[in-house]
Amino acid sequence: MSDSKSSNAMWGGRFADAPDAIMEAINASIGFDKRMARQDIEGSRAHALMLAAQGIITDSDADKIREGLLTILSEIERGEFEFSTALEDIHMNVESRLRELIGDAAGRLHTARSRNDQVATDFKLWVRDQMDATIEGLGALMRALVAQAEAGADMVMPGFTHLQVAQPVTWGHHMLAYVEMFNRDAGRFRDARARMNECPLGAAALAGTSFPIDREMTARALGFDRPSANSLDAVSDRDFALEFLSAAAITATHLSRMAEELVIWSSAQFRFVTLSDRFSTGSSIMPQKKNPDAAELIRAKVGRINGALVALLTVMKGLPLAYSKDMQEDKEQVFDAADSLALALAAMAGMVADMRPNAKVLEQAAAAGFSTATDLADWLVRRLNMPFRDAHHVTGALVKLAEDKGCDLPDLSLDEMQAVCADITDEVYSVLGVHNSVSSRTSYGGTAPEQVRAQVARWKEMLE
């Protein structure tokens, strides 16, 4: 039997002529939806088991179907399965091969279901698996960041606003900022996973089925919390894919922000960190170069992932209920975004685990740019009972004086300081060092080493 005739046989007697080549090409999805083969077979095995339990098909046919499906899965995993474009999608490819293996019993598998609820189920299972993998990948990255934070709890570095030196912070505090961000990302995936975990199987084409199926049984078998409550919504819904892409886009944004810092920090102008050779490349003509290519590529991945989200939002925005063929365009975007995100997470986790902060350079940079000016203003408020706005003015005058002299605040003499504010005492020097500055920031969530260590201990316990 030719591919075209085979395809017509799968469709049934409504269509007599073979499909035009252009129609076949635009209609087929097997080139990408074959990635859902395992989920398709998992769903079909659960469906066959339920049909037999309900007396809709015989136990003998159900056994043949389930064994045949395992054979097909094995063929696919070994790379021996021949996918046919003429058979359009993974569902018809599997069913056609099942008929070759077990004969007429294969035709009973599609009882009480449609490709509409079948693809919704397969896609949900695939996206759910990706959510679990993403949460695991985020956990690995967070553990690498916590290890860096623990090792650098006392290491002083500049904190920035507007990419200008603002106040000293600790390396550990900076690393933990990203842990917080990536933990929110993991939370978004967990929330989306819980919301999506309703089983579409049994919704059939759009209206349910007259067969006495047990949707609770198939939902349990496939690890869903419950069956979906409305058959129209079940086959129309792609919110789960949109939520995956939305959470992926936010995660990729966070990855891109960190990648940008690594690109800057590893430059010759900053020298804050040294990236390992495993995640760097050389130049074809400049032997001295060590390029942070992995970080740059992670930074670029957000464009692809954001594009996938916008593309699927655009596909879905004007679709009436229930299923429309437009929805075939949902998967490639999600597949590409999932691949990009998984690779970016793995690369970032590797870079973070391998990178070495340059403590001496970081401390020198932390002391530059009058970074302890706020500490001076706070001291004036605490020790001299000066209103903060007045303290801000005095500190600004002292900064201007140091700037004119080409020195930093701790280099000003007491006489020079007292010329601006007569009540200043030599105790002020105790707050002007960067280590004193970070040690004083003991408020909850602050940069003080003791706070960093407390947060490290909390995160280590949570991430176990």
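Residues numbered from 1 in each chain as written. Predicted model: local features only at pLDDT ≥ 70, side-chain atom pairs only at ≥ 80, totals over all residues. Heavy atoms only, no water.

### Section: the overall build of the chain
- Assigned secondary structure in the chain consists of 19 helices and six strands.
- Whereas a compact globule of 464 residues would reach a radius of gyration of roughly 23 Å, the chain reaches 31 Å, over 25% beyond that.
- In terms of overall dimensions, the chain has a C-alpha envelope of 100 × 55 × 40 Å along the principal axes.
- Residue burial in the chain is summarised as follows: out of 464 residues, 49% are buried.
- For the chain, the share of sequence-separated contacts (at least 6 apart) that also reach a separation of at least 24 residues comes to 74%.
- For the chain, the accessible area works out to roughly 21,900 Å², and carbon and sulfur atoms hold 51% of it. (Helix = DSSP H or I, 4+ residues; strand = E, 2+ residues; numbered from the N terminus. Rg over C-alpha atoms; globule rule 2.2 N^0.38 Å. Buried < 20%, exposed > 50% of the residue type's maximum accessible area, 1.4 Å probe, protein only. Contact = heavy atoms within 4.5 Å. Areas by Shrake-Rupley, 256 points an atom, 1.4 Å probe, with all protein chains shown as cover.)

### Regarding unusual backbone geometry
- Here the amide bond leading from Leu 321 into Ala 322 is cis, since omega sits at 10 degrees, within 30 degrees of zero.
- Structurally, the position occupied by Ala 322 is in the loop between helix H12 (293–316) and helix H13 (331–354).
- A positive phi is found at Glu 88, a non-glycine position, where the angle reads about 70 degrees.
- Inspection of the secondary structure assignment puts Glu 88 in the loop between helix H5 (59–77) and helix H6 (90–102).
- We classify Glu 88 as buried; its relative accessible area is 7%.
- Phi is positive for His 162, close to 60 degrees, though the residue is something other than glycine.
- Tracing the sequence through the fold places His 162 in the loop between strand S1 (156–161) and strand S2 (164–170).

### Some points on the pattern of salt bridges
- Evaluation of the coordinates by the stated rule reveals 28 salt bridges.
- Several salt bridges share partner residues, and in doing so they unite Arg 38, Glu 42 and Asp 129 into one network. (Salt bridge = Lys/Arg side-chain N within 4 Å of Asp/Glu carboxyl O.)

### As for the confidence of the model for the chain
- Scored by pLDDT, the chain has a mean of 90; 94% of the residues are at 70 or more.
- When the criterion is pLDDT under 50, residues 1–7 qualifies, and its contacts beyond four places in sequence or with other chains add up to 13 contacts. (pLDDT = per-residue confidence, 0-100.)

### Section: the state of the cysteines
- Applying the stated criterion across every chain yields a total of zero disulfides.
- Between Cys 421, a free cysteine, and Cys 407, which holds the nearest cysteine sulfur, the sulfur-to-sulfur gap is 18 Å.
- Overall, the relative accessible area of 8% leaves Cys 421 in the buried class. (Disulfide = S-S within 2.5 Å.)

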